[in-house]
Amino acid sequence: IGICFFFQTLFWGGGLHSWPTFQVLSRYLWVPCSFLEPEGTPHLEATEHGLVSIVAVHANSNLKSLYVEELLSQKKNMHISSFQYIIDELRRDLFSMAEARGAWDHMRRDPKVNSYDGYSVEGFIQRIVEDCAAALERHGQIPVESYTEDSIFRGLVTEMVDVK
């Protein structure tokens with residue numbers, strides 16, 4: 001079976017013509033997870049070697065493949081983004097809970113609270129969020145390679161979930 005490539009698809013693969021081993025052969029490197037998709041109807045063609053079945057294909061190159069370094073950092077980036085989202089969600093939830101339960105009214109009526117300088121619902125919530133942000137900062141300082149170690153990553157995810 002012969003394979004007929006459409007000319008434009010060859011630009012997606014890397015030619016190996018300049019390598020001594022491949023000067024006689026026409027070889028192309030394709031990124032992982034690329035695939036060939038049959039296109040059109042197969043047909044027979046007479047050649048000097050006999051009848052050859054020609055199947056036209058379209059090469060679909062996986063242009064989203066990443067380098068190993070990018071794959072490693074992707075796991076860390078996703079974790080950090082998720083953690084930041086949880087902290088933002090926690091801030092919104094705390095303010096919603098404080099408003100729903102009348103925390104500001106309670107503070108105004110409680111004589112003990114008024115005797116403390118600088119104490120406020122906003123300050124209390126901000127302190128909780130700052131503690132969570134400190135944990136997020138620790139996670140950001142951990143090397144990318146550590147995120148591939150299962151025990152370390154599980155510990156980081158558990159700490160992230162515990163924040164909520």
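In what follows, the accompanying structure is described. Here, residues in each chain are numbered from 1, in the same order as that chain's written sequence. The predicted origin of the model limits local features to residues at a pLDDT of at least 70 and limits the giving and counting of side-chain atom pairs to 80 or more, whereas totals for whole chains, interfaces and linings rest on all residues. The side-chain numbers reported here are obtained from all heavy atoms of the structure, hydrogens and water having been left aside.

1. Section: the packing of aromatic side chains
Argument step 1. Two rings belonging to Phe, Tyr or Trp (six-membered ring only in the last case) form a pair when the distance between their centres is within 6.5 Å. Interplanar angles under 30 degrees mark stacking, angles over 60 mark edge-to-face geometry, and anything in between is tilted. With the rule as written, the count across this model stands at one aromatic pair.
Argument step 2. To sit over a ring, a charge needs its Lys NZ or Arg CZ within 6 Å of the ring centre and within 35 degrees of the ring normal. We note K75 situated over the ring of F153; from NZ or CZ to the ring centre the distance is 4.2 Å.

2. Looking at the environment of I87
Argument step 1. Under the DSSP-based scheme used, a helix requires at least four consecutive residues in state H or I and a strand at least two consecutive residues in state E, with every element numbered from the N terminus. Locating I87 in the fold gives a position in helix α1 (residues 68–100).
Argument step 2. For I87, a relative accessible area of 2% gives the class buried.
Argument step 3. Placed 41 residues apart in sequence, I87 and I128 show a C-alpha to C-alpha distance of 9.6 Å.
Argument step 4. What makes two residues a contact is simply this: any of their non-hydrogen atoms within 4.5 Å. Apart from the residues lying within four places of it in its own chain, the contact partners of I87 are V129, C132, A133 and L136. Three exposure classes are used, based on accessible area relative to the maximum for each residue type with a 1.4 Å probe and protein chains only: buried under 20%, partly exposed in between, and exposed over 50%.

3. Looking at the pattern of salt bridges
Argument step 1. Counted as salt bridges are all cases of a side-chain nitrogen of Lys or Arg within 4 Å of a carboxyl oxygen of Asp or Glu. Applying the stated criterion across every chain yields a total of five salt bridges.
Argument step 2. Here E130 makes a salt bridge to R127, at a shortest N to O gap of 3.9 Å. Of this pair, E130 and R127 both sit in helix α4 (residues 121–141), three residues apart, which is roughly one turn of the helix.
Argument step 3. Looking at E130, the relative accessible area reads 40%, which means it is partly exposed.
Argument step 4. Connected via shared salt-bridge partners are R127, E130 and D131.

4. With respect to the nonpolar core
Argument step 1. If you look at the biggest cluster of nonpolar residues, it comprises 15 residues, and the most contacted ones within it are F83, I87, L90, V121, I125, C132 and V163.
Argument step 2. Among the elements of the structure, α1, α4 and α5 (150–163) are those that each provide at least two residues to this core.
Argument step 3. Aside from chain neighbours lying at most four places away, what touches L90 is I128, C132, V163 and K164. Among buried residues, those of type Ala, Val, Leu, Ile, Met, Phe, Trp, Tyr and Cys that are joined through side-chain atoms within 4.5 Å constitute a nonpolar core.

5. Overview of α4
Argument step 1. A helix is expected to reach a length of 1.5 Å times the quantity of its residues less one. Across its 21 residues, α4 extends 31 Å between first and last C-alpha, which sits within 8% of the 30 Å expected from 1.5 Å per residue.
Argument step 2. Those residues of α4 lying buried are V121, I125, V129, C132, A135, L136 and H139. Viewed end-on, α4 has its buried residues packed into an arc of 105°, placing them on one side of the element. Of the exposed residues in α4, the ones pointing more than 90 degrees away from its buried face are E137 and Q141.
Argument step 3. Along its buried surface, α4 packs onto α1, α2 (103–109) and α5. Working note: the arc is built from the helix axis to C-beta atom directions.

6. Some remarks on α1
Argument step 1. For α1, which comprises 33 residues, the first-to-last C-alpha distance of 48 Å matches the rise-based estimate of 48 Å (1.5 Å per residue) to within 8%.
Argument step 2. Restricting attention to buried positions, one finds in α1 the residues K76, H79, F83, I86, I87, L90, L94 and A98.
Argument step 3. Remark: G102 follows α1 within two positions and exhibits a positive phi of approximately 65°.

7. Let's talk about the packing of α4 against α5
Argument step 1. Following both chains from N to C, one finds α4 and α5 inclined at 165°, their axes separated by 11 Å at the closest point. One way to sum up the angle between α4 and α5 is to call them roughly antiparallel. For the pair α4 and α5, the crossing hand works out as left-handed. Within the contact between the two elements, α4 uses C132, A135, R138 and H139 and α5 uses L156, E159, M160 and V163.
Argument step 2. In this classification, the charged set is Asp, Glu, Lys and Arg, the nonpolar set is Ala, Val, Leu, Ile, Met, Phe, Trp, Tyr, Cys and Pro, and all remaining amino acids, among them Gly, are polar. Tallied by class, the residues present in the contact of α4 with α5 amount to five nonpolar, one polar and two charged. Here an angle of 0 to 180 degrees is reported between the N-to-C directions of two axes, which are lines fitted to C-alpha atoms, with helices fitted over the stretch in contact. Angles below 35 degrees are treated as roughly parallel, those above 145 as roughly antiparallel, those between 65 and 115 as roughly perpendicular, and all remaining angles as oblique. Note: crossing handedness is left-handed where the near helix turns anticlockwise from the far helix by less than a right angle, and right-handed where it turns clockwise.

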